[in-house]
Every structure is written in structure tokens, then in C-alpha cells.
Amino acid sequence: MSTRALRTAASGMYAQELNIEAISNNIANISTTAYKKNTAQFQDLMYQQVSVSPVSSTQNTSGTTANTLQIGIGVQPTSTEKIFTQGDMTQTNNQLDLAINGEGFFQVKKPDGTYAYTRDGSFKVDSQGKIVTSSGFYLDPSITIDENTLSVAIGSDGSVTATKVGGTTSVIGNIELANFVNPGGLTAIGNNLYDQSEASGTPTLGTPSSSTFGSINQGYLEASNVDIVEEMVSMIAAQRAYEVNSKTIQTVEQMMQMANNLKTS
Amino acid sequence: MIKGIYTAARALDARMQNIEIVANNLANVNTPGYKRELPFSEVMDKYGNVQVQQASDFRTGELAQTSNPLDLAVSGNGYFVVQNDNSLQFTRNGKFSISSDGFLVNQQGYRVIGKKGAINIDKLQSEEPGEITVSNSGEIKLGDQTIDNLLIVNPDNAQEAARTSGENFILGTNSFTSTPETEFQIKQGYYEESNVNPVKEMQDMILLNNQYDSAHKMINYMDKSLDEANQIGKV
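The model shown is predicted, which means the values in this text are computed figures rather than measured ones.

Thresholds applied
- Residues numbered from 1 in each chain as written.
- Chains lettered and ligands numbered in written order.
- Predicted model: local features only at pLDDT ≥ 70, side-chain atom pairs only at ≥ 80, totals over all residues.
- Helix = DSSP H or I, 4+ residues; strand = E, 2+ residues; numbered from the N terminus.
- Rg over C-alpha atoms; globule rule 2.2 N^0.38 Å.
- Contact = placed C-beta atoms within 7 Å.
- Pairing = 2+ DSSP bridges.
- Axes fitted to C-alpha atoms, helices over the stretch in contact; angles between N-to-C directions.
- Domains from an automatic or database assignment.
- Parallel < 35°, antiparallel > 145°, perpendicular 65-115°, else oblique.
- Left-handed = near helix turned anticlockwise from the far one by under 90°.
- Nonpolar A, V, L, I, M, F, W, Y, C, P; charged D, E, K, R; others polar.
- Core = buried A, V, L, I, M, F, W, Y, C linked by C-beta atoms within 7 Å.
- Buried ≥ 20, exposed ≤ 12 C-beta atoms within 10 Å, placed from the backbone.

A. Up close: the overall build of chain B. Secondary structure assignment for chain B yields three helices and 19 strands. Taking 2.2 N^0.38 as the reference for a compact globule, 235 residues should give roughly 18 Å; the C-alpha atoms of chain B span a radius of gyration of 25 Å, well beyond that estimate. Oriented by its inertia axes, the alpha-carbon framework of chain B measures out at about 100 × 35 × 35 Å. Across chain B, contacts joining residues at least 24 apart in sequence account for 62% of those joining residues at least 6 apart.

Okay, here's the thing in C-alpha cells:
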């Protein structure tokens, strides 16, 4: 008895399950700074050549072999893709809260010396006066705010100007942004950080507000770009797709039951 | 009488295979660029042999917006061409990315073909950084520099092309012509959704289920009649 339809429907249910997982992660991160929503991607599976109806009482006289057809065997999830649309700007008035308006990522150095990228600009100062992310990774190029600094002003081009005790001001560093050909292909590694990947391409560094790079806004944070209505709609769609695949299983099961009852007595 | 049972059994078999096609459509209800397959029908040729007619529904799915510059959709006629080893395949799934060696590839890693061959974007990336833009006519630009034009084709007989995974169709012996620029527009930042309509599929499923039921009842009746025929002559 053919169970291909059952397995096809099961693959559809599994794909929708992953879809729901991506949606629930988006909803869980609705208040995460600079969180970018994920969408699950699907692809159809291979096709099988099936010969039609071996049950026949008539002989095939002309000898044609055209009686095969292609039957697909379901769907597979391929990847999850980040959607990098701009999140809303929320004002915080904290001088080390930075938001990127437009394209680009802050570059941070991980403890192992490699770089990661983030749009979460809620920076802090560590015990040595260096600017770090909320998870403790250094901003790169690194900027040190010494103890005599009263306040820092960060321009939209990323220049960091410190006002020292006594009223003198000086530029103590420039924040650079990294951009990617395909930001959607970046790998999310948690802590609001991304790693470059094969799909994203290599980063291009540049000054904020120049060419394609976005501007830096001091005293603002970028909110998550998750739209709750959109997620609810996707959730309904995923649930219904799951349901319709379960209906396939029910229908095929009924047909199998009928086949089992062909011989009644 | 015996022949009738075979005919009905054949109906059972065909309905089961058709349900498999409906199941595959429903499993791919959210797959970008997926084209619905119609449940096949059987026709009799002039020699009295049963032939199968299988068809795909090539209607355009809805275009969904994303923020990925490498999501492309063909609005209108035509297909993207991708290369798997040496064979060409065509697809409406325009979810592309850049491979590690700088080629524009589809989700399976097959290279996307432009008018000058495989499209390489990375080489120029180091010399002149800039955004990738794709115009309505399929011209791919990096910053101000034109890299290539997407090859958009129309197979001469799309219905005869075999399907393969990744929403691709194999050209095989099929010839194709490139689509005139007036017949399509490339939409950057969009992808084409699956054209499966679950309502239609459920309708097909109910219909097939009922036909299966009828064929099943036919066999039962014929079985009963044969049984009664066997009783004739019994004392």
C-alpha cells in the first residue's frame, strides 16, 4: 500500500512546525533591542517517476511507455532568513545609546579576536573606560573614555567628542559601520550579534552617513522590527497550512481503510 | 464482470496517485515559486491505450515583499535560468544569495545565469563597494557599474519540462527563447509565493475521496454479484 501521500503530508506538517518556531521566536523578541525578524524558507523535494496503474486487463498494443508521471514527495525547510528592515527609534536620552538609521552594523570584537556585527547600540563603559556592548564585547575600532570625561557627544558621522573636566573638548575616536552585500545571509549567534557567512559576503567598512551607510543617532535605540499583526497573520497561515496537511493524512487514512474493506465477506 | 472489477481497481489506483499530487501541493503551500500540479487525467488514444496527461499550473503566485536585495521576482512572463553542473534548469523562485566564491546562486547553490554567463558579483566588490541594484529589465548593477543582465527565458513547451527539487524545471531536450523585455519586469526585494490555493486543493481532495468511495462500492457490488452467481446451481 502506498504511503507516499502520508509522508508528503508529514513533511508539510514538519515544515509548518518549523515555521511556527520561527514565528514564536519573533514574538518572544518583540521587545529586544534591534532584533530582526526571522522567516523560515521552504523548498519542494525531489520528484519520483511513477508508472500509472499497473492494474489493467487490457494489453498495451502499441508498446508506448508514456504512462509514467511525476509525483513530488513533499517539502523541506531550507533556511531561516533575517529580514533587515528598519526598526522604530525609541528615545532613551542615555548618551551611550546609539541607533543606526539606515544600513550598517556596529563591529565588535569577540573574546577570540574575531569580529561580530550588531545593530544593538546600547553601549556601556567597562572598568577600563572602553566602550562595550551590553554583553561585554568591545566596540571596534575601540574607543576609551577616560575618567576625566564629563560627557561624550557622538555625531551622525560616528565621531566621538569628549568634554573633559575644565571644559576642553577633543575627538577621542570614530565609530565605523560595516555593511554587507546580503545582510539577510548573516548568521545570528545570539546576544544580538551576527557573524558573517558565505551567504552574506565580506563586510565593507565605512564612515556613518557616507555613501550607503546609515547615520548614527545618539540617545536613541532601535526597537525590534517585529510587527505583531504580521506575526499573528503568519501564525494563522502556518496553523491552517498545518491543519490542511493533517486533513490529507485523514483523507488518505480513510482511503486506506476503504481499501482494507474491499473484501467484505 | 471480472473486467469490471479491474476497471474499478484501476480507478482506486489512479485516485490514490492523484491524492499524492494534492498532498504535495498542500505540503508546498508556503514554498516560494512553487507551481501547483494538477491531478492527472487519463485519456484514451486512438489505439485504445490509456495515456496520462499531467499538467502544471503556471499561473503567477502573489509577490511578497522582503528587505533582501537579492530576492528577485519575475512579474509577467519568463523564468530565471540556473546551472546545475552542465545542465540548465529554469525556475520562478528568485531567492538568491552570493556564494563564497562570489557568484549569484539560488537556494541550492546553483549559479544564476546572465546574458554573459554565470553572474559574478564579488570580484568587483573589493574595488568599488556599493549596493546591488536590479532594474526592471534585469540589469544588475553594483554601485554605478553594470555587471550583467539576468537571462529571462520562456521554454517553448513548459508543460513538457520535468520537475526537480527546488521549484526548478529541467529543460531536457526542450528549446527556449529569451523573453522580450516588454513581457516582464524584475522586482527587486520581492519573491513569488506558491500559487497553491488550499481551498482548491481541499475541493480536489474531497472529490477524489468521493470517487474513491464510489469505485470501492462498485467493487463491493460486483463481488456480491459474483458471489450470487456462484450460488446458482447449488441445491
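B. Seen up close, the sheet that holds strand β13 (residues 145–149) of chain B. All names here are of chain B. Sheet architecture is open: three strands sit in the order β11-β12-β13, paired in antiparallel fashion. Edge strands, defined here as strands with exactly one partner in the open sheet, are β11 (132–134) and β13. On average, each strand axis in the sheet is inclined to that of its neighbour by 25°, with strand direction left out of account. The pairing of strand β12 (residues 139–142) with β13 spans four bridges and is antiparallel. Across the sheet, Glu139 pairs through a bridge with Asn149, a residue of β13.

C. Main features of the domain arrangement of chain B. You can read the domains of chain B as domain 1 (2–31 + 196–230) and domain 2 (63–192). Just the C-alpha atoms count here: the centres of domain 1 of chain B and domain 2 of chain B sit 40 Å apart.

D. Layout of the packing of helix α1 (residues 4–28) of chain A against helix α2 (residues 228–260) of chain A. Residue and element names in this part refer to chain A. At a closest axis distance of 9 Å, the pairing of α1 and α2 adopts a crossing angle of 160°. Classified by the interaxial angle, the pair formed by α1 and α2 is roughly antiparallel. Here α1 runs over α2; the crossing is left-handed. Where α1 abuts α2, its residues Ala5, Leu6, Ala9, Gly12, Met13, Gln16, Asn19, Ile20, Ile23, Asn26 and Ile27 lie against Glu231, Ser234, Met235, Ala238, Ala241, Tyr242, Asn245, Ser246, Thr248, Ile249 and Val252. The residue inventory of the contact of α1 with α2, partitioned by class, reads 13 nonpolar, eight polar and one charged.

E. Broad picture of the nonpolar core. Tyr117 of chain A together with Phe80, Leu104 and Val112 of chain B are the most contacted members of the largest nonpolar core, which totals 60 residues. With four residues, the top contributor of residues to this core is strand β5 (residues 79–84) of chain B. Val252 of chain A together with Ala11, Ile19 and Tyr34 of chain B belong to the second largest nonpolar core, which has 36 residues in total.

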